[in-house]
Amino acid sequence: MSENFLATLNESQQKASQHIDGPLLILAGAGSGKTKTITTRLAYLISIGIDPSSILTLTFTNKSAKEMRERAFSLIDPNLINTPPLLCTFHKFGLLFLKLHMQVLDRKNNFIIIDTDDKKRILRSIDKEITTALMANEISKYKNSILTPAEVKETAQLKLYTQIADIYEKYEAYLLKNNLVDFDDLLLLPYKIMEKNKELAKEVSAKYQYIMVDEYQDTNELQYKLLRVLCCTHNNLCVVGDDDQSIYGWRGATIKNILNFTEHFKDTVVIKLEENYRSTDTILNHANQLIEHNRNRLGKNLRGTRHKGDSVKLYESHDENEETRKLVDDIKKLLLAGECASDIAILFRVNALSRSLEEGFNKAGLPYKLVGGMKFYERAEIKDLIAYFRILTNPTDNFSFKRIVNKPKRGIGKTTIDKLDARSIQDKKPIFKLIDELSPEELIVLVGKKNSRTLKVFIASVLDLKDVLEKSKIGFLDAFEEIFDYRSSYDNAPDGIDRQANIDEFSGFIRDYFMQNPHLNLEDFLNEISLESEQDKLFNEAVSMMSIHASKGLEYKHLFVIGLEEGFFPLIGDGSNLEEERRLGYVAFTRAMDTLTLSFVHSRFYKGKRAMLTKSRFLSESGLIKGSLKIERRSDFIKGDIVTHKIFGMGRVEKSNKVGKEYKLTINFGGSKRDILSSFVEKK
Ligand code: ATP
Ligand code: MG
């Protein structure tokens, strides 16, 4: 059987799939079958009798985990899979791990995962001055660098950072007190647990004998360390990635993980895949030309295997309305010609660019799905429902309790909540239990007569609902509305119709979930949705619109990339990095299988005004247009080139010799000649 499915792979892919013990690095360009190779390897390992439950595969999204699982299982005899292999995101793995081992940190495993929005609200309540985004990002950075508040305080130079270290400390105390974990904790706490308990680390490592990671170029320092611990008893780690597709540098991912893999793991076998199976030769050729302008890269060969294909189409428009019209017309034609909407995608670097597209699609009645944007579960009404459901599964969750105790309005104000909070700390009891256990008289002393009655009724209602839930996972949704009148509280609200539609969609979704997974409970559902990522909500029969970041690993027959203008793409400004922008360009172009259309405009309405724009340098760098200047590859240096050096200023190249990936240049700086390596100068 195994021979059968290996036959669809090329020789290098086969070799990689059949690799069993020891570290393996598969380093290869876009569309070369990296994901396919590790999927096949998973099937191969199971087919030769390796216990599926000893294989752990980590991916970037739940969606890709699901796809890989389906594909791998379709390749092998289902009888071989008694316990399925674990295939999930790093965060999901962290969650499962914490459910089993949280007690090592003297914490209970009924913790709640908070999302970015919750995190910001907590930070705002701790400090009112510093911007929440700054606090949130800094703290995330510290956690991912495994730094405690005390360590940050020690090294902080500026007052601002000492303040943030203080906030970090308070934030951590708040999470601990309420038994909350944030997304970073899902990686950090498992690491800390295994650092603290080496025996446990060895046990877990021995359980997962074979570990695989897709998209390794976008892992960060903490993920690397976690992998190290997980591999500590065997070093059977197989990673795949592409340094040219590293696009999460801004979020702390470090390309060093992949560049230094062979140093990190001794005796690594390196396999390169050099054929692209996704894109036409034309598309691939332009993508390759673009990425060749980056200096910090390993440099790889990537040959096409398909046909030449259509030329890349360039759209030049006056403004975004004309741009949208062209796209809408094209996509209509594709659909009329029988193409599936799900095979078409539009990508952009900056999310704001989707607005005019959405308008145009709505007008034309074309089905589309915007990936990302405001996430469904981040809407206030959905978060309220989630908070209700969390209380049902975990009455110690003060955080959720406080969110819903006055939703819909019951006349419970902030002062009352503060009193309950203070008493809950004093009595070391969650608020829910506190109200339940205090006698009516005691509660009246604490919060007054009217509030006391309201709170007692509230608690009794939650307990009633809990009874219903125990009897019927589906029936509890109707009971919820009957008891709390939550949906109807939006009856006359200005945006009530939208909100009620969201509530209905969410209820329908929960019903489906339990119909399909009758053995799972509400807690499983809540955990699962807290880990949903952007790509996980892709609809089927619709054109996808998404940021380039969200498109990683995906492929579309017909691809449109809009906003190829200087300033938008490459994005220029706050912390943007031209090489990372170019990698984003490479990722974008290489999502296309059959046709690629790139679009730029002369002006766009952005941030309240109309901005005049010039076309992106990426168009000339990828060989799609000849600029008015002679377009040369930045990596070439020839005699006569004018260059600038940080210290010596402007000079002219007199001699140029290629040495490896670099050029050794003799440069004349206003009369004095120096030998300098090309990576130290910029070409004018
Ligand atoms: P990315 O870098 O974008 O993540 P990748 O290297 O993971 O890409 P895959 O998604 O695994 O590439 O494969 C790209 C496409 O090529 C898929 O449609 C896959 O089925 C196809 N493919 C891969 N290997 C082969 C092969 N040996 N023969 C035919 N098709 C292949
Ligand atoms: Mg892939």
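None of these values were measured; they are calculated from a predicted model.

**Considerations on the overall build of the chain**
Each helix and strand counted, the chain has 28 helices and 23 strands in total. The C-alpha atoms of the chain give 28 Å as radius of gyration, which agrees with the globular expectation for 684 residues (26 Å, within 12%). When the backbone C-alpha atoms are referred to their principal axes, the chain occupies close to 95 × 60 × 60 Å. Put simply, the chain has 684 residues, and 51% of those count as buried.

**Some details on the domain arrangement of the chain**
Domain assignment breaks the chain into domain 1 (2-95 + 189-273), domain 2 (112-178), domain 3 (288-374 + 544-621), domain 4 (378-528) and domain 5 (642-683). Domain 3 and domain 4 are separated by 43 Å when their C-alpha centres are compared.

**Here we look at unusual backbone geometry**
In this model, Lys407 is joined to Pro408 through a cis peptide bond whose omega is -10 degrees. You can see Pro408 is positioned in the loop between helix H19 (398-404) and helix H20 (414-427). Between Phe569 and Pro570 the backbone carries a cis peptide bond, its omega angle lying at 10 degrees. In this fold, Pro570 is placed in the loop between strand E15 (556-561) and helix H27 (578-589). Its identity as a non-glycine residue notwithstanding, Asn235 has a phi of 55 degrees, on the positive side.

**Looking at the site of ligand 1**
Close to ligand 1 lie 19 residues; Gln13, Lys34, Thr35, Glu555 and Arg591 are nearest. In this structure, an oxygen atom belonging to ligand 1 sits 2.8 Å away from a main-chain N or O atom of Lys36. Glu555 has a polar side-chain atom sitting 2.6 Å from an oxygen atom of ligand 1. For ligand 1, whose free accessible area comes to 640 Å², the fraction covered by protein is 83%. Among the elements that make up the shell around ligand 1, the one with the highest residue count is helix H3 (residues 34-47) (three residues). In terms of residue class, the shell around ligand 1 is made up of three nonpolar, 10 polar and six charged. Looking at the shell around ligand 1, you find at least three residues from each of domain 1 (2-95 + 189-273) and domain 3 (288-374 + 544-621).

**Considerations on H20**
Between the first and last C-alpha of H20 there are 20 Å, a value that for 14 residues agrees with the 20 Å anticipated at 1.5 Å per step. Buried residues of H20: Thr416, Ile417, Leu420, Asp421 and Ser424, and no others. End-on view of H20: buried residues confined to an arc of 140 degrees, all on one side of the axis. Away from its buried face by more than 90 degrees, H20 exposes Thr415 and Gln426. Where H20 is buried, its residues touch H19, helix H21 (431-437), helix H22 (440-447) and helix H23 (449-471). Lys428 occupies a position one or two residues after H20 and carries a positive phi of about 50 degrees.

**Considerations on the confidence of the model for the chain**
Here the chain shows a mean pLDDT of 89. Residues at 70 or above account for 96%. For the stretch residues 628-634, pLDDT sits under 50, and the model shows 17 contacts to residues farther than four places along the chain or on other chains.

**Some details on the packing of aromatic side chains**
Under the defined criterion, the tally for this structure stands at 29 aromatic pairs. Geometrically, the ring pair formed by Tyr486 and Tyr490 is edge-to-face, given 5.6 Å between the ring centres and 80 degrees between the ring planes. Of note, Lys552 hangs over the ring of Phe60, and the distance from its end group to the ring centre comes to 3.2 Å. Above the face of the Phe648 ring, Arg674 is positioned so that its terminal group lies 3.9 Å from the ring centre.

**Examining the sheet that holds strand E20 (residues 649-659)**
Sheet architecture is open: five strands sit in the order E22-E21-E20-E19-E23, paired in antiparallel fashion. The open sheet is flanked by strand E22 (672-677) and strand E23 (681-683), the only strands paired with a single partner. The mean angle between the axes of side-by-side strands here comes to 40 degrees, regardless of whether they run parallel or antiparallel. Two elements, strand E21 (residues 662-669) and E22, share six bridges in a ladder whose sense is antiparallel. Residue pairing for E22: Phe669 is matched across the bridge by Ser672.

**As for the pattern of salt bridges**
Scanning all chains against the criterion turns up 46 salt bridges. Across the pair Asp118 and Arg121 runs a salt bridge, and its minimum N-O distance is 3.1 Å. Of this pair, Asp118 and Arg121 are both found in helix H6 (residues 116-126), three residues apart, which corresponds to roughly one turn of the helix. The class of Asp118 is buried, set by a relative accessible area of 3%. Under the relative-accessibility criterion, Arg121 is labelled partly exposed at 40%. Put simply, Asp384 and Lys407 hold a salt bridge, and the shortest N to O gap is 3.6 Å. With Asp384 in helix H18 (residues 380-393) and Lys407 in the loop between H19 and H20, the pair connects residues that are 23 residues apart, well separated along the chain.

**A look at the packing of H6 against helix H7 (residues 132-144)**
H7 packs onto H6 with a crossing angle of 110 degrees between their chain directions and a minimal axis gap of 9 Å. Judged by the angle between their axes, H6 and H7 are roughly perpendicular. Contacts between H6 and H7 pair Lys119, Lys120, Leu123 and Arg124 from the former with Thr132, Ala133, Met135, Ala136, Ile139 and Ser140 from the latter. Here the residues of the contact of H6 with H7 are counted per class, giving five nonpolar, two polar and three charged.

**What about the pairing of strand E2 (residues 55-59)?**
For E2, the tally of buried residues reaches five of five residues, placing the bulk of the element in the interior. Side chains Ile55, Thr57 and Thr59 project from E2 onto one buried face, and the interleaved Leu56 and Leu58 project onto a second face that is buried too. Examined bridge by bridge, E2 and strand E6 (residues 210-213) share four bridges and lie parallel to one another. Considered in E6, the bridge of Thr57 is made with Met212. As defined by bridge partners, E2 adjoins strand E3 (residues 86-89) across four bridges and the pair is classed as parallel. When the sheet's bridge partners are listed, Thr57 is paired in E3 with Leu87. Since E2 and E3 lie parallel, the crossover through helix H4 (residues 62-75) that links them has a hand, and here it is right-handed.

Conventions adopted
- Residues numbered from 1 in each chain as written.
- Chains lettered and ligands numbered in written order.
- Predicted model: local features only at pLDDT ≥ 70, side-chain atom pairs only at ≥ 80, totals over all residues.
- Heavy atoms only, no water.
- Helix = DSSP H or I, 4+ residues; strand = E, 2+ residues; numbered from the N terminus.
- Rg over C-alpha atoms; globule rule 2.2 N^0.38 Å.
- Buried < 20%, exposed > 50% of the residue type's maximum accessible area, 1.4 Å probe, protein only.
- Domains from an automatic or database assignment.
- Near = heavy atom within 4 Å.
- Polar contact = N/O pair within 3.5 Å; in protein donor to acceptor, adjacent residues only side chain to side chain.
- Areas by Shrake-Rupley, 256 points an atom, 1.4 Å probe, with all protein chains shown as cover.
- Nonpolar A, V, L, I, M, F, W, Y, C, P; charged D, E, K, R; others polar.
- Expected span 1.5 Å × (residues − 1).
- Arc of directions from axis to C-beta.
- Contact = heavy atoms within 4.5 Å.
- pLDDT = per-residue confidence, 0-100.
- Phe/Tyr/Trp six-rings, centres within 6.5 Å; stacked < 30°, edge-to-face > 60°.
- Lys NZ or Arg CZ within 6 Å of the ring centre and 35° of its normal.
- Pairing = 2+ DSSP bridges.
- Axes fitted to C-alpha atoms, helices over the stretch in contact; angles between N-to-C directions.
- Salt bridge = Lys/Arg side-chain N within 4 Å of Asp/Glu carboxyl O.
- Parallel < 35°, antiparallel > 145°, perpendicular 65-115°, else oblique.
- Right-handed = clockwise from strand over helix to strand, strands pointing away.

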